[in-house]
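Okay, here's what each chain looks like letter by letter:
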Amino acid sequence: MQISGSLFPFSLFLAFILISGASSAHNKNDFLECLNLQFQKSNSESDSIYTPQNASYSSVLQSSIRNLRPESNSRQRPFVIITPEHESQIQAAIYCSKKYGIQLKVRSGGHDYEGLSYISQTPFFIVDMRNLRSISIDTEKNTAWVQTGATLGELYYTIAEKSKTLAFTAGVCPTVGVGGHFSGGGYGMMSRKHGIAADHIIDAKLIDANGQIHDRESMGEDLFWAIRGGGGTSFGIVVAFKVKLIVIPETVTVFNVTRTLDQNATQIVHRWQYVADKIDENLLLRLFIRSINSSNGKRTIGAFFTSLYLGPVDDLLPIMQEKFPELGLVKEDCTEMPWIEANHWTVLLNRTQVSRSYFKGKSDYVKQPIPEYGLESIWKFLNQEDANRAELQFSPYGGIIDDISESEIPFPHRSGNIFMIHYGVGWSQEENAESQRHIDWIRRLYNFMARYVSKSPRAAYFNYRDLDIGMNNIKGNTSYKQASVWGFKYFKNNFRRLVHIKNKVDPTNFFRNEQSVPPVSLW
Ligand code: FDA
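What counts as what
- Residues numbered from 1 in each chain as written.
- Predicted model: local features only at pLDDT ≥ 70, side-chain atom pairs only at ≥ 80, totals over all residues.
- Heavy atoms only, no water.
- Helix = DSSP H or I, 4+ residues; strand = E, 2+ residues; numbered from the N terminus.
- Rg over C-alpha atoms; globule rule 2.2 N^0.38 Å.
- Buried < 20%, exposed > 50% of the residue type's maximum accessible area, 1.4 Å probe, protein only.
- Contact = heavy atoms within 4.5 Å.
- Areas by Shrake-Rupley, 256 points an atom, 1.4 Å probe, with all protein chains shown as cover.
- Lys, Arg positive; Asp, Glu negative; His and termini not counted.
- Charge placed at Lys NZ, Arg CZ, Asp CG, Glu CD.
- Near = heavy atom within 4 Å.
- Polar contact = N/O pair within 3.5 Å; in protein donor to acceptor, adjacent residues only side chain to side chain.
- Nonpolar A, V, L, I, M, F, W, Y, C, P; charged D, E, K, R; others polar.
- Disulfide = S-S within 2.5 Å.
- UniProt positions renumbered as here; feature names shortened; annotations may be inferred.
- Pairing = 2+ DSSP bridges.

Caption draft 1: Highlighting the overall build of the protein chain. Helix and strand content of the protein chain: 15 helices and 18 strands. For the protein chain, whose C-alpha radius of gyration is 24 Å, the value lies close to the compact-globule estimate of 24 Å for 523 residues. C-alpha atoms of the protein chain, sized along the principal axes, occupy 85 × 65 × 50 Å. Residues classed as buried in the protein chain amount to 57% of the 523 residues present. Within the protein chain, contacts between residues at least 6 apart in sequence are counted, and of these 73% link residues at least 24 apart. By element, 50% of the accessible surface of the protein chain is carried by carbon and sulfur atoms, the whole surface being about 22200 Å². A distance of 6 Å separates the average location of the 55 positive side-chain charges in the protein chain from that of its 52 negative side-chain charges.

Caption draft 2: Structural detail: the site of the ligand. Around the ligand sit 31 residues, and of these Val106, Ser108, Ser117, His181 and Tyr461 come closest. Within the contact set of the ligand, an oxygen atom lies 2.6 Å away from a side-chain nitrogen or oxygen of Ser117. Residue Gly177 places a main-chain N or O atom 2.8 Å away from an oxygen atom belonging to the ligand. When the ligand sits alone it has 960 Å² of accessible area, and the protein chains cover 95% of it. When residues of the shell around the ligand are traced back to their parent elements, those giving at least two are strand S3 (103-107), helix H6 (178-184) and strand S10 (237-244). Take the shell around the ligand: its biggest share by element is three residues, from H6. Within the shell around the ligand, the residues separate by chemical class into 10 nonpolar, 17 polar and four charged.

Caption draft 3: How the structure looks around the state of the cysteines. Tallied over the full model, the rule gives one disulfide. Between Cys34 and Cys96 runs a disulfide, and the two sulfur atoms are separated by 2.1 Å. The S-S bond linking Cys34 to Cys96 shows a torsion near -80 degrees; that makes this disulfide left-handed. Highlighted residues: Cys34 in helix H1 (residues 2-41) and Cys96 in helix H4 (residues 87-100), separated in sequence by 62 residues. Of the residues examined, Cys96 reaches a relative accessible area of 0% and is grouped as buried.

Caption draft 4: Focus on the UniProt feature "domain: FAD-binding PCMH-type" (unreviewed entry) in the protein chain. Per the UniProt record, the feature "domain: FAD-binding PCMH-type" (unreviewed entry) sits at residues 74-248. As a span, residues 74-248 carries 27% helix and 25% strand, and end to end its C-alpha atoms are 44 Å apart.

Caption draft 5: How the structure looks around the sheet that holds strand S8 (residues 201-207). Here five strands make up an open sheet; going across it, the order is S5-S6-S10-S8-S9 and the pairing antiparallel. Each of the sheet's edge strands pairs with one partner strand only, and the pair in question is strand S5 (135-138) and strand S9 (213-214). Sheet analysis places strand S6 (residues 143-147) next to S10, joined by five bridges and oriented antiparallel. Directly across from Ala144, in S10, lies its bridge partner Val243.

Caption draft 6: Inspection of the pairing of strand S18 (residues 419-427) at higher detail. Of all nine residues that make up S18, eight are buried, and the element is covered over most of its length. In this sheet, S18 lies alongside strand S16 (residues 358-366) in antiparallel orientation, the contact comprising nine bridges. Bridge pairing in S18 places Asp364 opposite Ile421.

Caption draft 7: Quick peek at the pairing of strand S12 (residues 252-260). Taken across its nine residues, S12 has seven buried, putting it largely inside the fold. Of the strand pairs in this sheet, S12 and strand S15 (residues 334-337) are connected by four bridges, and their pairing is antiparallel. Across the sheet, the residue bridging to Val254 is Thr335, located in S15. Across eight bridges, S12 lies against strand S14 (residues 299-309) in antiparallel orientation. When the sheet's bridge partners are listed, Arg259 is paired in S14 with Ala303.

Quick look at the structure:
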């Protein structure tokens, strides 16, 4: 009795594991067969399907990954990657994914901070948009259609090939993908004058959970609102965005100036907070702060002022002398050049020049200047890590960002923010065994910063994705309560509208991840 009593549940458990293991393998095979069949029907090449048996599988998987941390912690790899060349292949992938219950992840540039486009806790496959990257520019209407597999560098380069006075306002890293970046916001060096990328989206092509292709008119204004900052991944697969280009002067001015503690870095950074969001909106004065080794071998703090001015140096200097004399900017610090060169145009088209590392990032919004003693405490935190390992970026707001309402699009960080802080800490593969120490460090700094940053909610930037601020239970049904924890931080009150739209367009939660908007009826 005793033996059979203990064996019975065990044998049942074993049988369950065997059956579920077999059925999941069965599902995967059926899914693959389904894909092949659907691709054949649409006359598509099946060489856009990569399984682990394929020699190129690993290089395709790794190629666009920027942060190696999420994958190194992940137990699952995608059992298929597809690189569609046509929309019909995406429709086929959605059809087979639904039929066999295999989770779909979509990846454009692969720069997600937490790797949500290429890792998952459940069996999954990737729709990788790399081959859908055409860009067409209309220089008469100042618009562009850009497919989401394109990178920012490819977009900037293509615009500059057509015109010296047209540009686009988006992020600074050339390998970031259009798909994740535009649908999650898109802040860059012209954002004080021209806003963020999502502010300029005027149409889009999206495939919904039923495999139907929509443009702005057929998707309706609610869904079109949601994908301009609310993250594409909760609502469908965005194939392309149509954007309004911006007009810029033929010559812009850039400068990079560094100040260390013995050059009054603390006082200058403190003063910067009173200037950066109010100064002429043609000027974006960004600040990078690191603990560095000084020439005498001692540690110091380096404040690196990196700026873009939309105009000539002779217009910039009087502005700086009047509003920010403390920096002591002189003409020799400045260089005039075409906008495209300010983007290091030689690397714009190099997709393989993704510099990889292990890192953890977080973000905050600052509404009141941090006092000097607060900055000094931050310097102490930076000195706890090795020189040059950790970095703070202070990105100023103000300018046109202040003039746009919080609910215009889901990106809500508008008037009242002086600047956004990006916290980052990175380490090499050899140091990865000690990753937890660095992650603990950035979490301690983040906890300390609570007293100086926005509250109720403590806001965060969706594109600097951070699973520490909350996540969905991906294996169960995500509750509204659970998702609200991270949802209000990224989107403030716009989160409710996003939930409502999700409930309308994807009630079965087909498009989901650890931080996707849940479908719940709130009305
Ligand atoms: P990735 O492909 O990883 O996708 C990110 C998310 O979007 C995932 O959830 C994915 O499923 C979803 N997604 C991707 N394509 C989709 C599609 N076609 N349809 C629907 N959903 C889709 N940000 C910023 O504002 N300014 C900046 O200057 C920078 N700079 C920067 C530098 C570096 C080195 C990194 C790693 C990141 C940045 N970022 C940034 C953050 C960047 O904007 C953010 O990580 C974007 O989500 C990256 O978009 P990708 O398409 O590259 O990522």
